[in-house]
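Inside the fold
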Amino acid sequence: MTLVIDGCAIATVDGAGTEHARGHLVIDGDRITSVAAGAAADHSSGTRIDGHGCLATPGLVNCHHHFYQWITRGLAQQSTLFEWLVELYPIWVRLDAELEYAAARAALAALALSGCTTSVDHHYVFPRGAGDLLDAEIEAARQIGLRFHACRGSMDLGRSRGGLPPDEAVEDPDAILAATAAALDRYHDASSNAMLRIAVAPCSPFSVSEHLMRESAVLARTRRVRLHTHLAETVEEERFCHERFGCTPAEYLDRLGWLADDVWLAHCVHLEPDAVARFAATGTGVAHCPSSNSRLGAGIAPVADLLAVGSPVGLGVDGAASNESGQLLPELRQALLLARLRGGPAALTARQALAMGTMEGARCLGRHDELGSLEPGKLADVALWRVDGLGHADVADPVAALVFGPPAPLELLLVGGRQVVGSGTLLTASEQEVARGARRAHRRLVERVEALP
Ligand SMILES: [Zn+2]
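The paragraphs below set out a description of the structure included in this document. (Residues numbered from 1 in each chain as written. Predicted model: local features only at pLDDT ≥ 70, side-chain atom pairs only at ≥ 80, totals over all residues. Heavy atoms only, no water.)

1. Brief notes about the overall build of the chain
Helix and strand counts for the chain come out as 15 helices and 17 strands. For the chain, the C-alpha radius of gyration of 21 Å lies close to 22 Å, the compact-globule estimate for 453 residues. Summarising its shape, the C-alpha atoms of the chain cover approximately 70 × 45 × 40 Å along the three principal directions. Here the chain, with 453 residues, has 61% of them falling under the buried criterion. Here the analysis covers contacts within the chain between residues at least 6 apart in sequence; of these, 75% occur between residues at least 24 apart. Carbon and sulfur atoms make up 51% of the accessible area of the chain, which amounts to about 16300 Å² in all. Looking at the chain, you have 39 positive and 55 negative side-chain charges, and the mean spots of the two groups are 2 Å apart. (Helix = DSSP H or I, 4+ residues; strand = E, 2+ residues; numbered from the N terminus. Rg over C-alpha atoms; globule rule 2.2 N^0.38 Å. Buried < 20%, exposed > 50% of the residue type's maximum accessible area, 1.4 Å probe, protein only. Contact = heavy atoms within 4.5 Å. Areas by Shrake-Rupley, 256 points an atom, 1.4 Å probe, with all protein chains shown as cover. Lys, Arg positive; Asp, Glu negative; His and termini not counted. Charge placed at Lys NZ, Arg CZ, Asp CG, Glu CD.)

Here it is as structure tokens:
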């Protein structure tokens, strides 16, 4: 089945930064077969999509999220990260598989509608007797139709042992490692066109023991899968690491043997210059979450410094409880603005922001050979944005229109050549039904918390 998108501007985000003011893409099955300037040759047997007035980019890659938080949005509105966590943990431990499924569908729908074709989810709350939460979100991703990297997260350091989460929110480390290995056996697909992969992802230095951090890395490396965690998000975390480990968060991970090119880390707001150099030397990736960092007042990550030394820096929306928007396209603009607040107006360009949302994210996930750019042979994950309306039509540079301008209407979203969004409408589920399901799940969760003695 051949699909031709014709007449659009194209930002390929390939190694040379190739762009076409007017060009075409040809897609055969789940792969791109041609990307070039000018009109497409006659493909009378296939489907032709008129791309006039649109900009084609690679589908966006979301490198960090917590889907379950969709049903706990709008809470702890003025809190720091630690205050916010302490308020939310007791609610999150009332989660079950049914609520997880409803939350994940909503989070995935919001991602698809904002141009995302591949998403990570980092799930680390597994209450006893809650059912199979990982399976629930995997089923949601399959239905919405996004490429999915599920991170089997974990917490084993409860408050009684000096951690931040309540003891009821943590699991036994042996049970965690067994469940993670079982998830790898059951779900992980290493093939180049995989729709589903699993990563190993203990939650953070203040909710996970040193033992579990080390054993998680051993498991990931034995199984040749990727490793993920939160790092250096706030000054409170930095203080925690100095008091408990006598070093910075980055030095702590380095000491555990974590820093390497099979690892990507969420946030990395508070990095010393020598940590930036260590990330570069080891190929460690970063998931920059600019809206979440702004919402929690966490600080501004040194993104321009990391990009300058060649570290992969992708974008993440982060959990919806610290980024109620849950949309990925606006993170490009937010990343641009924050980088400029930190480093001046030349600190980050619109094209660098687009690369962070696409190719850099693919690098974080180790999938730069098959995702992240529009090139022949790559998977057909494509976003086609309308840039001919009020918000964008008079901006001559379509990439600047997309990044500097308001969120552009999404004309088409392809994941492996399959249409997931058409004319701004989600095609794989009813947006209204997904929203109603999320509202019901939120109410049920609140009722459970209110029923507590
Ligand atoms: Zn997070």
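2. Notes on the pattern of salt bridges
What the rule picks out here adds up to 23 salt bridges. Arg-105 is paired through a salt bridge with Glu-433; the nearest N and O atoms lie 2.8 Å apart. Remark: Glu-433 occurs in helix α15 (residues 431-450) and Arg-105 occurs in helix α2 (residues 97-113); sequence separation between them is 328 residues. For the salt bridge of Arg-152 with Glu-171, the shortest nitrogen-to-oxygen distance reads 3.0 Å. Of this pair, Arg-152 sits in strand β8 (residues 147-154) while Glu-171 sits in the loop between β8 and α4 (173-187), and the two are 19 residues apart along the sequence. With relative accessibility at 15%, the residue Glu-171 sits in the buried group. Connected via shared salt-bridge partners are Glu-19, Arg-351 and Asp-397. (Salt bridge = Lys/Arg side-chain N within 4 Å of Asp/Glu carboxyl O.)

3. Quick notes on the coordination of the zinc ion
Those protein atoms acting as donors to the zinc ion are His-64 (NE2), His-66 (NE2), His-230 (NE2) and Asp-318 (OD), and they sit at 2.1 to 2.4 Å. Classification of the site at the zinc ion as irregular follows from its 4 donor atoms and the range of 88 to 174° in their angles at the metal. (Donors = N, O, S within 2.8 Å, 3.2 Å for Na, K, Ca; no water. Tetrahedral: all angles 85-135°; square planar, octahedral: opposite > 155°, others 65-115°.)

4. Focus: the environment of Val-420
If you trace the backbone, Val-420 turns up in strand β16 (residues 418-422). Exposure remark for Val-420: the relative accessible area of 0% places this residue in the buried category. Sequence separation between Val-420 and Leu-85 is 335 residues; the distance between their C-alpha atoms is 34 Å. Once you skip the residues sitting within four places of it in the chain, Val-420 turns out to touch Ala-112, Ile-144, Gly-145, Leu-146, Leu-413, Val-415, Thr-425, Leu-426, Leu-427 and Thr-428.

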